[in-house]
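Spelled out, the chains give:
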Amino acid sequence: TGEGKSVIYQLPASYWTDGVTVVISPLIALIRDQVEHLQKLKLDVAFVDSLQERVEMRRQLMLVRSGAVRLL
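Residues numbered from 1 in each chain as written. Predicted model: local features only at pLDDT ≥ 70, side-chain atom pairs only at ≥ 80, totals over all residues. Heavy atoms only, no water.

Structural notes on the overall build of the protein
Okay, step 1: When its secondary structure is counted, the protein shows three helices and zero strands.
Okay, step 2: Tracing the protein from N to C terminus, the helices and strands come up as α-α-α.
Okay, step 3: Burial analysis of the protein (72 residues in total) assigns 25% to the buried set.
Okay, step 4: As displayed, the protein has an accessible area near 5400 Å², and 60% of this comes from carbon and sulfur atoms. (Helix = DSSP H or I, 4+ residues; strand = E, 2+ residues; numbered from the N terminus. Buried < 20%, exposed > 50% of the residue type's maximum accessible area, 1.4 Å probe, protein only. Areas by Shrake-Rupley, 256 points an atom, 1.4 Å probe, with all protein chains shown as cover.)

Some words on helix α3 (residues 54-66)
Okay, step 1: Compared with the 18 Å implied by 1.5 Å per residue over 13 residues, the 18 Å span of α3 between its first and last C-alpha is a close match.
Okay, step 2: Looking one or two places after α3, you find Gly67, whose phi comes out positive at around 90°. (Expected span 1.5 Å × (residues − 1).)

So, the pattern of salt bridges
Two side chains carrying opposite charge are able to pair once their charged atoms lie near each other.
Okay, step 1: A full pass over the atoms with the stated rule returns three salt bridges.
Okay, step 2: Note that Glu36 and Lys40 form a salt bridge whose closest N and O atoms lie 3.5 Å from each other. Note that Glu36 and Lys40 are positioned in helix α2 (residues 28-40) at a spacing of four residues, about one turn of the helix.
Okay, step 3: One salt bridge in this structure joins Arg59 and Glu56, with 3.0 Å as the shortest N-O distance. (Salt bridge = Lys/Arg side-chain N within 4 Å of Asp/Glu carboxyl O.)

Here we look at the side chain of Gln60
Okay, step 1: For Gln60, the location among the structural elements is in helix α3.
Okay, step 2: Discounting residues that sit within four places of it in the chain, Gln60 has contacts with Ala46, Phe47, Val48 and Gln52. (Contact = heavy atoms within 4.5 Å.)

Topic: α2
Okay, step 1: A rise of 1.5 Å per residue sets the reference length of α2, with its 13 residues, at 18 Å; its end C-alpha atoms lie 18 Å apart and thus fit the reference within 8%.
Okay, step 2: For α2, every residue scored as buried is listed here: Ile31, Gln34, Val35 and Leu38. Seen along its axis, α2 keeps its buried residues to an arc of 100°; they face one direction. Exposed residues on α2 whose side chains face more than 90 degrees from its buried face are Ala29 and Lys40.
Okay, step 3: At the C-terminal side of α2, Lys42 shows a positive phi close to 65°. (Arc of directions from axis to C-beta.)

Observations concerning the environment of Ile28
Okay, step 1: Inspection of the secondary structure puts Ile28 in helix α2.
Okay, step 2: For Ile28, a relative accessible area of 22% corresponds to the partly exposed category.
Okay, step 3: Separated by 22 residues in the primary sequence, Ile28 and Ser50 place their C-alpha atoms 8.4 Å from one another.
Okay, step 4: Here Ile28 is in contact with Asp49, Ser50 and Leu51, once residues within four sequence places are set aside.

Listed below in structure tokens is the structure:
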């Protein structure tokens, strides 16, 4: 059932929008799991969470700024 809810933001981010779709979730484990799954599907995604080192957060945000990521 988790994938049914996820498709609500994954489809627009992948197909119908210019720019970046930002998804906010309080569940870090879920975020990481979904990002890993989407990366395996070769989708341009990134994530930022409170457990990341500052350097990794900056790297992820630079990907967004460069246009390399459509779903954050």
